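Architecture and fold: a report
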Amino acid sequence: MKIIAIIGATASGKSQLALDVAKKNNACILSLDSLSVYKHIDICSAKPSLSEREEVRHFGVDVVEPSEKFSVMHFFAEFERAKQQANESGQDLIIAGGSSFYLKSMIEGISELPTITKEISQMASEQMQEREEVYVKLSKLDSAYMKPIDINDTYRITRALEIHLSTRQTPSEYFASHKKLKIIDPIPIYNLLVDRELLRERIAKRTVQMVELGLVSEIESLRAKYGDRLVPKKAIGIKEVLEYLEGNCTKEQMVELVMSNTRKLAKRQRVFNKTQFSNICIGTYEELYETLCS
């Protein structure tokens, strides 16, 4: 069984490339997306449609309820499930999506996080109300660990803070003393590149389409059902709509915020993919499709 990865910025077309390659090569797909794992979040996550999932078997989609946490360790377990079932059916496996941190963790290994109690989680949540102060404090304590983390990356800053609060160690100290769990050896990685202006146009078009398809209604239903238990409430597309539903911005402002934040995410993804992986194949859709299907 062959395992490859297709990565790229949001709206670059990597999911379509993975789907087309999978159909050509008799492969299944493991979604490398931190939002598609949640049930009932369909429009906002731009997850594969039901018809696409009927054509090609997908893993990592609709795995947990929006009230449940999903970590890199859960992704590792989903990978093992996908690998086993692909092997049993004589198929290859394509790992595809924008959450490249999961892929990097699989290849390089990651230490299991310490147990985070409700008290620690609450303490971290309260301190994160002043995110910039927390970021500066952690950067002074552990500059090496915090350097690649963007000041707006709430998720990773919170994880670093929780580690420090629960262990009284810096993240670097903690990870240095805990053996890394390595999931796979290096695999072929294909990075789909799209012209920046074209990517901006795609992001704008996709945002408008999401709103037309019922993005606001989807998030409104999630808020009504889960309230404060909605785990991915800080995700792009969700947080902006929640602001709109609270009356803190107009619909037009909401749409522009989603576009702007998505563009910033795409920029971070491009930088991460460029700096965190080596010996990868970079190309356009046509170039990568030909390479993978010839």
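Residues numbered from 1 in each chain as written. Predicted model: local features only at pLDDT ≥ 70, side-chain atom pairs only at ≥ 80, totals over all residues. Heavy atoms only, no water.

As a further point, take helix H1 (residues 14-25). Between its first and last C-alpha, H1 extends 16 Å over twelve residues, near the 16 Å set by a 1.5 Å rise per residue. Regarding H1, the residues found buried are Lys14, Leu17, Ala18, Leu19, Asp20, Val21 and Ala22. A positive backbone phi angle near 55 degrees is found at Asn26, which sits one or two residues after H1. (Helix = DSSP H or I, 4+ residues; strand = E, 2+ residues; numbered from the N terminus. Expected span 1.5 Å × (residues − 1). Buried < 20%, exposed > 50% of the residue type's maximum accessible area, 1.4 Å probe, protein only.)

Turning next to the layout of surface pockets. Picture a little ball the size of a water molecule; that probe, rolled over the atoms, points out where space is still empty. The space that makes up the second largest pocket amounts to roughly 250 Å³. In this structure, the second largest pocket is lined by Arg196, Leu199, Arg200, Ile203, Arg263, Ala266, Lys267, Arg270, Val271 and Lys274. Among the secondary structure elements, those contributing two or more residues to the lining of the second largest pocket are helix H10 (196-213) and helix H13 (251-276). Ranked by residues supplied to the lining of the second largest pocket, first place goes to H13 with six residues. (1 Å grid on protein atoms, 1.4 Å probe; cavity = no way out; pocket = protein on both sides within 12 Å on 5 of 7 lines; lining within 4 Å. Points joined across faces, edges and corners; volume = space filled by probe spheres on them.)

Our focus in this paragraph is the pattern of salt bridges. One pass over the full model with this rule turns up eleven salt bridges. Across the salt bridge formed by Asp62 and Lys47, the nearest N and O atoms sit 2.5 Å from each other. Of this pair, Asp62 sits in the loop between strand E3 (58-59) and helix H3 (72-88) while Lys47 is found in the loop between strand E2 (27-31) and helix H2 (50-55), placing the two residues 15 residues apart along the sequence. Accessibility expressed as a relative area gives 9% for Lys47, which makes it buried. Here the residues in one salt-bridge network are Asp42, Lys47, Arg53 and Asp62, joined through shared partners. (Salt bridge = Lys/Arg side-chain N within 4 Å of Asp/Glu carboxyl O.)

Looking at the secondary structure, you find Gly227 in the loop between helix H11 (215-226) and helix H12 (238-245). The spatial distance from the C-alpha of Gly227 to the C-alpha of Ser67 is 9.1 Å, given a sequence separation of 160 residues.

With that settled, the discussion passes to the nonpolar core. By size, the foremost hydrophobic cluster in this structure holds 51 residues, and its most contacted members are Phe75, Phe79, Ile95, Leu103, Ile187, Ile189 and Ile238. Of the residues forming this core, the biggest block, six residues, is contributed by H3. Not counting chain neighbours up to four residues away, the residues in contact with Phe75 comprise Leu30, Ser31, Leu32, Phe70, Ile95, Tyr102 and Met106. Grouped together as the second largest cluster of nonpolar side chains are 17 residues, Ile4, Leu17, Leu19 and Leu288 included. (Core = buried A, V, L, I, M, F, W, Y, C linked by side-chain atoms within 4.5 Å. Contact = heavy atoms within 4.5 Å.)

For the rest of this paragraph, the subject is helix H8 (residues 154-167). Given a rise of 1.5 Å per residue, 14 residues ought to cover 20 Å, and the 20 Å separating the end C-alpha atoms of H8 matches this to within 8%. Taken as a whole, H8 has its buried residues at Ile157, Thr158, Arg159, Ala160, Leu161, Glu162, Ile163, His164 and Leu165. Summarising the contacts, the buried residues of H8 are in contact with helix H5 (118-127), helix H6 (131-141), helix H7 (143-146) and helix H9 (171-176). At the N-terminal end of H8, a side-chain oxygen is found 3.3 Å from the backbone nitrogen of Arg156, two or three residues along, and the residue is Asp153. (Polar contact = N/O pair within 3.5 Å; in protein donor to acceptor, adjacent residues only side chain to side chain.)

This paragraph deals with the environment of Thr117. Its location among the elements puts Thr117 in the loop between helix H4 (100-108) and H5. Given a relative accessible area of 36%, Thr117 falls into the partly exposed group. Note: C-alpha distance between Thr117 and Gly283 (166 residues apart in sequence) is 45 Å.

In this section: the environment of Glu80. Here Glu80 lies in helix H3. Separated by 182 residues in the primary sequence, Glu80 and Thr262 have C-alpha atoms spaced 30 Å apart.

Take unusual backbone geometry next. Phi at His40 takes a positive value of approximately 70 degrees, unusual for a residue other than glycine. With respect to the helices and strands, the residue His40 is situated in the loop between E2 and H2. A relative accessible area of 38% means that His40 is categorised as partly exposed. Its identity is not glycine, yet Asp62 carries a phi of approximately 55 degrees, on the positive side. Using a relative accessible area of 27% as the deciding quantity, one classes Asp62 as partly exposed.

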